[in-house]
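# Close look at the chain arrangement
Read off the chains here:
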Amino acid sequence: RIYFTRDRNQVPNIYQQQLSSINTQQFIGEQGDAKQPALSPDQTKLAFVFYGHDAQGDVCLQTIGEDEIRCITNKNSADSSPFWIGNNELGYLRRDGIDAKQNIVIHSLSDEKKQAIYSGIISSPNASTDGRYIIFNLISNVTTGASSTDLEVPRMLSVYNRQNQQLVQPPKMDLPGF
């Protein structure tokens, strides 16, 4: 089964589809206003950004097969881009107020502790399968007034090592066509 976002009448909602069928079904239901689904590795929970309680967005969880939505962030920040680190940790981006910088936050589902591990102008975070590395795009050398949509803004693939708590050099990769 796959989960994806579809906008209808300017309201995003999460849908699910069995790979053996063309039929889709709303996952969040009529309350909608959700996007960026991320399925847990054990496929029992879906993390997503929900706008039903906060126009800036909250990272929320829903157990597959249940209706209850549990948000793990609060209304004081704009939260986005959830990603799983194993089945018991969830990462996401948090931006406070009007600051352009975001924090990569790791939330433990077992003890509900949250830790901001890196700050910057970040997009597309994800974790290695063993959870040791967090990979993301870091916008560098941003000058005052520059926006993250400017094509001239340099973007760097960045790798954060959770064990020694610092950025490490990403591996050299040959990406044909880039």
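Structural data are supplied above this passage.
Read on for an overview of the structure. From a predicted model like this one, the values you see are computed outputs, not experimental measurements. (Residues numbered from 1 in each chain as written. Predicted model: local features only at pLDDT ≥ 70, side-chain atom pairs only at ≥ 80, totals over all residues. Heavy atoms only, no water.)

### Observations regarding the nonpolar core
F83, I85, L93, I104, I106, I117, I122, A127, I134, F136, L138 and Y160 together form the largest nonpolar core, which totals twelve residues. Contributing elements (two or more residues each) for this core: β8 (77-85), β10 (102-108), β12 (122-127) and β13 (133-139). By residue number, the principal contributor to this core is β13, which donates three residues. Setting aside residues up to four positions removed in sequence, I134 forms contacts with F83, I85, I104, I106, I117, N126, A127, S158, V159, Y160 and R162. (Core = buried A, V, L, I, M, F, W, Y, C linked by side-chain atoms within 4.5 Å. Buried < 20%, exposed > 50% of the residue type's maximum accessible area, 1.4 Å probe, protein only. Helix = DSSP H or I, 4+ residues; strand = E, 2+ residues; numbered from the N terminus. Contact = heavy atoms within 4.5 Å.)

### Details of the sheet that holds strand β9 (residues 89-96)
Hydrogen bonding along the main chain pairs the strands of a sheet, whether they run parallel or antiparallel. With antiparallel pairing, the four strands of this open sheet are ordered in space as β8-β9-β10-β11. In the strand order of this sheet, the two ends are held by β8 and β11 (114-120), each with one partner. The average undirected angle you get between the axes of adjacent strands in this sheet is 25 degrees. Inspection of the sheet shows β8 paired to β9 by seven bridges, in the antiparallel sense. Residue W84 lies in a different strand from β9, and its bridge partner there is L90. (Pairing = 2+ DSSP bridges. Axes fitted to C-alpha atoms, helices over the stretch in contact; angles between N-to-C directions.)

### Quick look at the pattern of salt bridges
Per the stated rule, a full pass over the model turns up three salt bridges. Between E112 and R70 there is a salt bridge, with its nearest N and O atoms 3.4 Å apart. A residue pair is termed long-range when its members are at least 10 positions apart, and E112 in the loop between β10 and β11 and R70 in strand β7 (residues 69-71) qualify at 42 residues. Of the residues examined, E112 reaches a relative accessible area of 37% and is grouped as partly exposed. The residue R162 makes a salt bridge to E89 at a minimum N-O spacing of 3.1 Å. One end of the pair, R162, is in the loop between β14 (155-161) and β15 (166-168); the other, E89, is in strand β9, with 73 residues separating them in the sequence. (Salt bridge = Lys/Arg side-chain N within 4 Å of Asp/Glu carboxyl O.)

### Thoughts on the sheet that holds strand β3 (residues 24-26)
Here we have three strands laid out as an open sheet, ordered β1-β2-β3, and antiparallel in their pairing. In this open sheet, the two edge strands, each paired with only one partner strand, are β1 (2-8) and β3. Between one strand axis and the next, the sheet turns through 40 degrees on average, direction left out of account. Of the pairings in the sheet, the one linking β1 to strand β2 (residues 11-17) comprises seven bridges and is antiparallel in character. Note on β2: the bridge partner recorded for I2 is Q17.

### Overview of the packing of aromatic side chains
Applying the stated criterion across every chain, the model contains three aromatic pairs. Arranged with centres 6.3 Å apart and planes meeting at 90 degrees, the rings of F48 and F50 form a pair that is edge-to-face. Among the residues examined, F48 registers a relative accessible area of 0% and is labelled buried. Ring centres 5.4 Å apart and planes at 40 degrees place the aromatic pair Y118 and F136 in the tilted group. Of this pair, Y118 sits in strand β11 while F136 is found in strand β13, placing the two residues 18 residues apart along the sequence. (Phe/Tyr/Trp six-rings, centres within 6.5 Å; stacked < 30°, edge-to-face > 60°.)

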